[in-house]
Amino acid sequence: EVYTGMQEMSEVDENLIVVGFSQVGSESDWRNAHTQSVKEALTEENGFYLIFEDAQQKQENQIKAVRSFILQEVDYIVLAPIVETGWEAVLQEAKDAGIPVILDDRLADVDEELYTCWVGTNAEKEGEDAGLWLADYLEKEGRDEEEINIVTVQGTAGATAQIGRTDGFQKILKQHDNWKMLDRMDGDFTQAKGQEVMETLLAKYDDIDVVVCENDNMAFGAVDAIRAAGRTCGPDGDIIIISFDAVSAAFDAMIAGEINAVFECNPLHGPKLQEIITSLEAGKTVDKIQYMEEAYFDTTMDLESIRKERAY
Ligand code: GYE
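Presented here is a report on the structure given in the accompanying data block.

1. Topic: the site of the ligand
Part 1: Residues in contact with the ligand, as listed here, are E27, S28, W30, R31, D105, R106, A161, R165, F189, N215, D245 and C265.
Part 2: Note that an oxygen atom of the ligand is positioned 2.5 Å from one of the side-chain N or O atoms of E27.
Part 3: Separating an oxygen atom of the ligand from a side-chain N or O atom of R106 is a distance of 2.8 Å.
Part 4: Here the ligand, which alone exposes 300 Å², has 100% of that area covered by the protein.
Part 5: With respect to the pocket detection grid, the ligand is positioned in the largest cavity.
Part 6: Counting residues per element, the ones that place at least two in the shell around the ligand are α1 (29-41) and α5 (160-173).
Part 7: Along the lines of polarity and charge, the residues of the shell around the ligand split into four nonpolar, two polar and six charged.

In structure tokens form, the structure reads like this:
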């Protein structure tokens with residue numbers, strides 16, 4: 001049961017740890033897996049009372065949610081900030097109220113006194129890994145001297161995952177004089193926007209060799225746009241597709257030969273949050289920055305077997 005409505009707060013068993021969680025939205029498969037993981041870990045059975053608020057991709061809704069958590073005097077606030085900027089005031093309010101804030105998934109650009117710790121992904125490393133993979137792939141294909149035209153379908157502008165993946169890939173791009181970034185466009189991490197942006201890019205450029213999609217759902221949209229334009233992609237097609245997240249549907253797309261490689265972003269943060277809060281309750285200190293473990297997958301691997309072992 002997910003609770004809303006302040007008057008019921010007095011009915012909550014006082015032995016439970018009350019956590020207010022402000023989620024970004026439900027823009028992607030990754031996000032849905034992330035929500036589910038948090039809901040499955042912070043249960044009454046495990047000693048928690050979770051107040052879940054979906055901000056529908058709007059920062060103002062997240063700010064409202066954090067303020068309502070403060071009014072409800074929750075024990076902890078978990079915040080997945082949609083973008084990095086604009087959090088100073090409301091997080092200061094939480095601090096003044098004495099409520100610890102755990103940043104989750106994305107970072108907030110605030111004084112580090114304003115949050116207890118952060119759990120998430122090393123997005124910059126993911127971007128770099130994607131660039132290194134591309135260099136290796138092109139070399140194996142005998143195309144390492146060729147002029148390579150790249151476009152990026154970017155995640156929500158100003159979100160940690162967007163900034164990191166863009167910067168990380170750019171770092172490797174700069175090491176290759178023959179790689180050219182033709183364009184970067186915002187696809188807001190959704191499949192519909194990814195498709196729309198890819199349609200625009202295909203209309204604008206007829207010589208795209210590589211599409212970097214900053215999450216899987218945008219990659220699914222991009223693949224649809226490429227096929228609708230009568231073009232081909234994947235290992236046997238003429239456009240290389242690189243993506244991030246590694247949700248289950250991305251394995252289908254790699255197995256179907258539509259996407260070349262996916263850089264994993266692990267959404268299963270629930271157990272980690274449970275562990276952090278339990279430690280804090282016991283008066284222990286926790287690491288300020290906590291990265292999830294991540295791998296990458298491409299079509300040269302035994303994807304069917306790998307997928308069987310995976311939980312999302
Ligand atoms: O990659 C994307 C989601 O912030 C890491 O947000 C997260 C990203 C994830 O919408 O699919």
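Additional details are given in the paragraphs that follow.
2. Describing a negative patch on the surface
Part 1: Together, E88, D109, D111, E112 and E113 line one region of the surface with negative charge.
Part 2: For D109, the location among the structural elements is in the loop between β4 (101-105) and β5 (117-120).

3. With respect to the packing of aromatic side chains
Part 1: Counted under the stated rule, the structure contains seven aromatic pairs.
Part 2: Ring geometry for F251 against F297: centres 5.1 Å apart, planes inclined by 55°, an arrangement best described as tilted. Of this pair, F251 sits in helix α8 (residues 248-255) while F297 sits in strand β12 (residues 296-298), placing them 46 residues apart in sequence.
Part 3: Among the residues examined, F297 registers a relative accessible area of 8% and is labelled buried.
Part 4: Three or more aromatic residues joined by ring pairs form one cluster here, namely F244, F263 and Y296.
Part 5: Directly above the ring of F52 sits K39, whose terminal nitrogen or CZ lies 4.3 Å from the centroid.

4. Topic: the sheet that holds strand β7 (residues 179-186)
Part 1: With respect to topology, six strands assemble into an open sheet ordered β7-β6-β8-β9-β10-β12, the strand pairing being mixed. Sheet topology places β7 and β12 at the edges, where each strand pairs with a single neighbour. Going across the sheet, the axis of each strand differs from the next one's by a mean of 15°, ignoring polarity.
Part 2: Note: strand β6 (residues 148-154) against β7, seven bridges, orientation parallel. In the sheet register, N149 faces β7, and the bridge partner there is K180.

About the cut-offs
- Throughout this document, residue positions are counted from 1 along each chain, in the order its sequence is written.
- Local features in a predicted model are, by the rule used here, given only for residues with pLDDT of at least 70; side-chain atom pairs are given and counted only at 80 or more, and totals for whole chains, interfaces and linings are based on all residues.
- The basis for every side-chain value is the complete set of non-hydrogen atoms in the structure, without hydrogens or water.
- One heavy atom within 4 Å of a molecule or strand makes the whole residue count as near it.
- Nitrogen and oxygen atoms within 3.5 Å of one another constitute a polar contact, given that in protein one can donate a hydrogen and the other can accept it, and given that sequence-neighbouring residues count only through two side-chain atoms.
- Here the Shrake-Rupley method, with its probe set to 1.4 Å, supplies the accessible areas, and only the displayed protein chains count as covering residues.
- With a 1 Å grid spanning the protein atoms alone, the term cavity applies to any set of points in which a 1.4 Å probe fits but cannot get out, the term pocket to an open set with protein on both sides within 12 Å along at least five of seven lines, and the term lining residue to any residue with an atom within 4 Å of a point.
- What decides whether a molecule sits in a cavity or pocket is whether more than half of its atoms lie within 2 Å of the grid points.
- Secondary structure follows DSSP: runs of H or I at least 4 residues long count as helices, runs of E at least 2 residues long count as strands, and numbering of each begins at the N terminus.
- Under the scheme applied here, ten amino acids are nonpolar (Ala, Val, Leu, Ile, Met, Phe, Trp, Tyr, Cys and Pro), four are charged (Asp, Glu, Lys and Arg), and all others, including Gly, are polar.
- Like-charged residues within 9 Å of one another, or nonpolar side chains (Val, Leu, Ile, Met, Phe, Trp, Tyr) within 5 Å, are grouped into patches, provided each residue has over 30% relative accessible area and no salt bridge.
- One side-chain nitrogen of Lys or Arg within 4 Å of one carboxyl oxygen of Asp or Glu is enough to make a salt bridge.
- Positive charges are assigned to Lys and Arg, negative charges to Asp and Glu, while His and the chain termini are left out of the count.
- All charge positions are set by atom: Lys at NZ, Arg at CZ, Asp at CG, Glu at CD.
- Aromatic pairs are defined between Phe, Tyr and Trp rings, using the six-membered ring for Trp, whenever the two ring centres lie within 6.5 Å; interplanar angles under 30 degrees are classed as stacked, those over 60 as edge-to-face, and all others as tilted.
- Burial here depends on accessible area, computed with a 1.4 Å probe over protein chains only, as a share of the maximum for the residue type. Under 20% is buried, over 50% is exposed, and the range in between is partly exposed.
- For a Lys NZ or an Arg CZ to count as sitting over a ring, it must be within 6 Å of the ring centre and within 35 degrees of the ring normal.
- Two strands are said to pair when DSSP picks up at least two bridges between them.
- Axis lines are fitted through C-alpha atoms, for helices just across the contact stretch, and the angle between N-to-C directions can take any value from 0 to 180 degrees.

Keep in mind these numbers describe shape, not what the thing actually does.
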